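Spelled out from the first residue to the last, the chains are:
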Amino acid sequence: MEEKKRFLCGVVEGFYGRPWSMDQRKVLFQWMQNWGLNTYLYGPKDDLKHRLLWREAYSPDEEGQLRTLIAEAQSRGLRFVYALSPGQDIVFSSSSDVTLLKRKLRQVSDLGCQAFAILFDDIDHSLCQADSEAFSSFAHAQVFVTNEVYRFLGEPPVFLFCPTEYCDSLCSPSVSKSPYLQTVGEDLLPSITVVWTGSKVISRKLSLDNLAEVESVLQRPPLIWDNLHANDYDSRRLFLGPFKGREPQLRGHLSGLLLNPNCEFEANYIPLHSLGSWFRTGNDENKDDMCEYCPERALSAALRDWMEELNQPLQAGRQSAQTEQRSSAPPSRCKTADRVECPSALRGTSATARLPVFPLNSSSPPSSPKEERPGQDGEKKRLNQSGQCHQPPPGSRSGGGSRDQKGQGRGLCSGKGLLSESQVRLLVGLHYLPHEHGPSAQKLLQDLTWLKSNCHLVSTNNKKSPPQKVEEWRGRASRFQSLCEDIAQLHCSVVGGANRAVLYDLYPYVWDLRNMALVAKAFICWLDGRVLSDSSTLGSWKTCLHWCGKSTGVDVLGMESEPWVFKGGVSGEVQMLLPIGNSSELFTHPPPLFPTSRLYNIRPYHGKDKVELYRMVRQFHLRTQGGHETSTSHPDIIGDRCLGPCLALCPEYGFILEDELGVCGCVLGVLDVRSFAKRCQASWIPAMRDKYPPKSGNTQDLIQLMEEDQGEYPDSLLYHFPSQLRLDALPELVDISVSRTLLATLLTALKANGSQGVFCEVQPTDRQRLEFLTKLGFLEILRGEARSREGVVLGRLL
């Protein structure tokens, strides 16, 4: 009886995706022992013999692995609960299926397991014809089989049953009036514990009133399967915040609470550490302190311990000599009926082999993403090909470059460094909880919203803004940009840190947010003096506000929605606050195979960048021509043709990409092609005729080519795509996402000033650029029809 009354508190491994490795589970058990947790539930959905192939018995090798895992848990004083999910295809009235279910659980029982769970979550409510004839309802069928198996196993002290209606929002018509739950409460044997998630699948809070109602209907206190930190429903979200929204007093209405955390093992240190604090606060011997659990204090305590963990030289999957000393917490799966499959690349498993039928002994995750050495070598190659020396002095590149720009004096981020506590707090604040942002994320979103809404103060045509208001805008813009730089530095530190295990699990998230921060920072910088005011005939920020998000995801969610209603977390909310926020394919793409800790910056073009850009595009041209110089007497010819018109006539739509060594790329745009072509004929072409007179060799051919470059496009194209993208000088980068981010920044600026579409002309032989633009969502509009010479014109609606 004492065993049955013991409050179960611990971890569920029940997520969709690659299960944890044996080494990770051993580390988990060590942590649970250290933090006073007592229960581990094994039920990863992608263990095929747990769910899809539940009828199949384990092989001798698999038995050995499972026996070892059970013994390891028990040696740490943990209760090992084995769960089976037969609900997808079981025939409840089939004696054969029931026999196979009993055989499977008996096999696990013989391996030393003494606690079990039968899960009927996330399945169809309908019965097959045979079951419809044998049972009066779906609930009766489930209860019959569960009771049968429970008796067969000798009524073990812990036996869990997860109903198909496992939270308020899934009950029909309500908790108190649900025929399904009433049947479970009346007919399920009283010693069997029922699993519950709260008012929602992912409950922001657990309330006494709700739990009292559930207890009354089920006729027993439920066990909470807590999805607070589950993240398998959104590949861009991670939850590093503390256990919160569950008061210790709730334990009087519960038989236990098991946390179903992040899929990424290393992401769960703080969630599980703080869960241990919550559990210890509510222990019987501390009844006087039951109300004193404080999530903020628990977070601070967990951060202090995690700091030491983060700076340990651990390999991905905990494959190191220190595995027996240190450990990490588990990732779990959320019981979402409307589950979203997540690309493996965004889970940090791009190199993962196909899952075996039974991954109990699944190899640890592939060795950590390769060090930044390949990226650095690629960058050196780029510099050498551009005529650079091997090791230019920090902060300089031959030919100039904008080294005085803010955030460019940080130096290279290489080697194995230490994450600072402020950086870890920033990391946690940006990836906090599903219904609540941390302080850094709140600040980021609030400032971006305010700066966007008040950008009329610094619009290009607004001369009436009070100076103090302008200074306020610029002050907040400067602080916003500093926060974005801190995010970029955080990415750099995670990649360059000693702990490869943390890099393996967290990299896709810090990388995604780094890219979003690059766009947001450049956009805010661009707004100052470049966004058009309401008096402009071409458009204005105010007239395109309906294209942008006006509120954050947390505001939209409130208390009544599930967190998967608003995708992307902080990255998704920043995205939705940008003019092209609905263009999701611009922002969702796999992280690079070789992470690099190199810092990047995107900013608007300044006049002093022209020399460096001309040099860069000239070197690029030389490589495409096999290194043959065709214009030694006129070194500006290539730059004048490729970049000159845009830099001279519409510099406000130019963006520069920098790394620690200086300028390494640019992208240029034209807002109104018709107007731009007229201005070229009126001013740029005459200026070029003066600069390159007829007597200077073959320069007349150049002038003719420049005139052709500004040739007419059909109205059918310009009607839908009035703007143009000039992609002449994209850099060669190991991290191709930086190029995508650079293009997204330009599209954001064009959309902010009223553009409804943009096109880019690409030569048919330039397959790489053609493929790159197509992946960005550019649609093929015309082949060889837009110009007198053959070409491919790609367009994209904004």
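Calculation notes
- Residues numbered from 1 in each chain as written.
- Predicted model: local features only at pLDDT ≥ 70, side-chain atom pairs only at ≥ 80, totals over all residues.
- Heavy atoms only, no water.
- Core = buried A, V, L, I, M, F, W, Y, C linked by side-chain atoms within 4.5 Å.
- Buried < 20%, exposed > 50% of the residue type's maximum accessible area, 1.4 Å probe, protein only.
- Helix = DSSP H or I, 4+ residues; strand = E, 2+ residues; numbered from the N terminus.
- Contact = heavy atoms within 4.5 Å.
- pLDDT = per-residue confidence, 0-100.
- Expected span 1.5 Å × (residues − 1).
- Salt bridge = Lys/Arg side-chain N within 4 Å of Asp/Glu carboxyl O.
- Phe/Tyr/Trp six-rings, centres within 6.5 Å; stacked < 30°, edge-to-face > 60°.
- Pairing = 2+ DSSP bridges.
- Disulfide = S-S within 2.5 Å.
- Axes fitted to C-alpha atoms, helices over the stretch in contact; angles between N-to-C directions.
- Left-handed = near helix turned anticlockwise from the far one by under 90°.
- Nonpolar A, V, L, I, M, F, W, Y, C, P; charged D, E, K, R; others polar.

> I'd like a rundown of the nonpolar core, residues and numbers included.
Within the largest apolar cluster, 206 residues are counted, with the highest numbers of intra-cluster contacts made by Phe80, Tyr82, Trp306 and Trp473. Here this core takes 18 residues from helix H15 (residues 500–527), the largest share from any one element. Residues in contact with Trp473, not counting those within four places in the same chain, are Trp450, Leu451, Asn454, Cys455, Leu457, Val458, Ile524, Leu527 and Asp528. Counting residues in hydrophobic clusters, the runner-up holds 22 residues, among them Ala117, Cys162, Leu223 and Tyr233.

> How would you sum up the confidence of the model for the protein chain? Please name residues and give values.
In this model, the protein chain carries a mean pLDDT of 81, and residues with pLDDT of at least 70 account for 77%. Ignoring residues within four places in sequence, the model shows residues 535–552, a span with pLDDT below 50, making 42 contacts including any to other chains.

> Any details on helix H24 (residues 737–752)? Residues and values, ideally.
Taking 1.5 Å per residue as the helical rise, H24 with its 16 residues ought to reach 22 Å, and the 22 Å between its terminal C-alpha atoms agrees with that figure. Burial analysis of H24 places 16 of its 16 residues in the buried class, the great majority of the element. Following H24 by one or two positions, Gly754 has its phi on the positive side, about 100°.

> I'd like to hear about the environment of Asp512, residue by residue, with values.
Of note, Asp512 is situated in helix H15. Classification of Asp512 as buried rests on a relative accessible area of 6%. Setting aside its immediate chain neighbours within four residues, Asp512 contacts Arg236, Ser571 and Phe587.

> For the pattern of salt bridges, give the residues involved together with the corresponding values.
In the structure shown here, the tally under the stated rule is 24 salt bridges. Measuring nitrogen to oxygen at the nearest pair gives 3.6 Å for the salt bridge that ties Arg76 to Glu72. When its relative accessible area of 25% is taken as the criterion, Arg76 is described as partly exposed.

> A description of the packing of aromatic side chains should follow, citing residues and the corresponding values.
In total, this model carries 24 aromatic pairs according to the counting rule given. Both rings, one in Phe120 and one in Phe161, keep their centres 5.9 Å apart while their planes meet at 55°; by these two values the pair is tilted. Taken as a pair, Phe120 in the loop between strand E4 (115–119) and helix H5 (129–134) and Phe161 in strand E5 (residues 158–162) lie far apart in primary sequence, 41 residues in all. Comparing Phe120 with Phe161 shows no difference in burial state: the two are buried.

> Got a sec to walk through the pairing of strand E12 (residues 723–726)? Specific residues and values, please.
Side-chain alternation along E12 places Ser723 and Leu725 on one buried face and Gln724 and Arg726 on a second face that is also buried. The pairing of strand E11 (residues 662–670) with E12 spans three bridges and is antiparallel. When the bridges of E12 are listed, Gly669 appears paired with Leu725. Bridge analysis of E12 against strand E13 (residues 757–762) gives two bridges, and the strand direction is parallel. Across the sheet, Ser723 pairs through a bridge with Val758, a residue of E13.

> Go over the state of the cysteines, please, and point to the residues and values.
Applying the stated criterion to the full structure yields zero disulfides. Cys167 takes part in no disulfide bond, and the closest cysteine sulfur, belonging to Cys171, lies 6.7 Å away. On the basis of relative accessible area, Cys167 is assigned to the buried category, the value being 0%.

> How would you explain the packing of H15 against H24 if you had to name every residue and give the values?
Between H15 and H24, the least distance of the axes is 9 Å, while the angle of their chain directions is 35°. Between H15 and H24 the crossing geometry is right-handed. For the pair formed by H15 and H24, the contact residues are Trp511, Arg514, Asn515, Leu518, Val519, Ala522, Phe523 and Trp526 on the first element and Ser737, Val738, Thr741, Ala744, Thr745, Thr748, Ala749 and Ala752 on the second. Classifying every residue of the contact of H15 with H24 gives 10 nonpolar, five polar and one charged.

> So what's going on with the sheet that holds strand E2 (residues 39–42)? Which residues, and what values?
If you trace the eight strands once around the closed barrel, you get E1-E2-E3-E4-E5-E6-E7-E8, paired in parallel fashion. Mean inter-strand twist for the sheet, computed between neighbouring axes without regard to direction, equals 25°. Bridge analysis of E4 against E5 gives five bridges, and the strand direction is parallel. What sits directly across from Ile118, in E5, is Phe161. Across the face of the sheet, helix H3 (residues 60–75) comes into contact with E2 and strand E3 (79–84) while running at roughly 140° to E3.

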